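Given next are the chains, with one letter for each unit.
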Amino acid sequence: MRSRVVGLLLALVCAQVALVAPAGATPVVRLARPTGVLPVGTTAVHVVDQSRVDPWAPSPRPRELMVQLWYPALTTRGTRAAYADVEVTRSLESALGAPLDSLRVITPNALRDAPGIPVRLPLVLFSHGYAGSRVTATALAEDLASHGYLVASVDHTYEAAAVRFPDGRVISHSMPPEEDIAAAIQVRADDLSSVLTELLRRRLVDPSRIAAVGHSAGGATAFQAARTDHRIRAALNLDGGLPSPVAPVPVPALLLTGAWHFDSWTEWASAQQAWGRHLAANTMGHYSFTDAPYFIEPGGLRALPADLFAEMFGTVSPARAVELQRAYVRAFVDRWLRGTPTALFDREVKRYPEVEIRDR
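As the structure is a prediction and not an experimental result, all values here were calculated from the model.

(A) Highlighting the nonpolar core. In this structure, Leu123 and Leu125 are the most contacted members of the largest nonpolar core, which totals 43 residues. For this core, the leading source of residues is helix H4 (residues 181-201), giving seven residues. Among residues more than four places away in sequence, those in contact with Leu123 are Leu150, Ala152, Leu196, Leu199, Val205, Arg209, Ile210, Ala211 and Leu337. Within the second largest apolar cluster, 38 residues are counted, among which are Leu140, Leu324, Leu337 and Leu344.

Below you can see the structure in the form of structure tokens.
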């Protein structure tokens, strides 16, 4: 998977490059404001699936997950949420070679535990990349919530950077790149299904309007979840390679990537029978499809070698990266969960000249 290759290369580089925090206090880094009119709340949910034995746990136990929800809130008043638990930011800092606690300055917009509007909402399930976190799609999730979606971002325990549970336990990333990638992706897809079942039980979700979205390995997860869970009506893969054998997705599916090429993407486009598109943005790096562009300045990441920096973050500004991911993801879920017409997937548009339609 692409995320594993980038992660291994980054680890080698960061062992040789000392990134030094700039002198003086680091200013707060505020994520882009949501573009919708609705205030946004966020809360963490603990999900235990008693029907599944955790395949990665050192001893038999039920599969246990933490999930971050973003949703339209009833109020504009409250306490702004923190970006992540300190164990999460420190794990991300270690992976990136960023100074200790430099990412604590990242500041979301959502209100912590704000009351939500009491209606069943269209749902976007989100799956992070290998060694990522449920929080690294915050800018995208907040925007979707401001337009009336419930977003549920899942930490894949043992694969995620770090997961803190309500009883104080912390499970850090401990899985090396697997030999059987397809099996690992299926575990992740089952995680999305477990969370979906729980949210439906809580009557938070409109059961006819559910999409799966993911970044990197999470993108492959979104496609696989749509293959194995008939409740999912659409799937979107953000720059994720696909394990062999490559199979079609039985629902409308979008692959939104950087400008590079992988055979698995061509194989998928050839096999896809339901509505499908592959769009490529020539300015985006692999992590441009997450919140990571906002990590660059506080983390001192411009000190990375130029070729690696471009591979990770592209040539796009954080604001433009977030604008692009928000525009295409929301247009996709609006199209397939709300029936809202859009031209973004049928022709190249002047507003986003960096995006080309590669396969349709």
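Having seen the model, we can carry on.
(B) Inspection of the pattern of salt bridges at higher detail. Tallied over the full model, the rule gives 24 salt bridges. For Glu198, the salt bridge is made with Arg201, and the minimal N-O distance between the two is 2.6 Å. Of this pair, Glu198 and Arg201 both sit in helix H4, separated by three residues, roughly a single helical turn. Look at Glu198 and you get buried, because its relative accessible area is 15%. What makes Arg201 exposed here is its relative accessible area of 58%. Beyond isolated ion pairs, a larger network of salt bridges with shared partners links Asp143, Arg326, Arg330, Asp334 and Arg338.

What counts, and at which threshold
Residues numbered from 1 in each chain as written. Predicted model: local features only at pLDDT ≥ 70, side-chain atom pairs only at ≥ 80, totals over all residues. Heavy atoms only, no water. Core = buried A, V, L, I, M, F, W, Y, C linked by side-chain atoms within 4.5 Å. Buried < 20%, exposed > 50% of the residue type's maximum accessible area, 1.4 Å probe, protein only. Helix = DSSP H or I, 4+ residues; strand = E, 2+ residues; numbered from the N terminus. Contact = heavy atoms within 4.5 Å. Salt bridge = Lys/Arg side-chain N within 4 Å of Asp/Glu carboxyl O.

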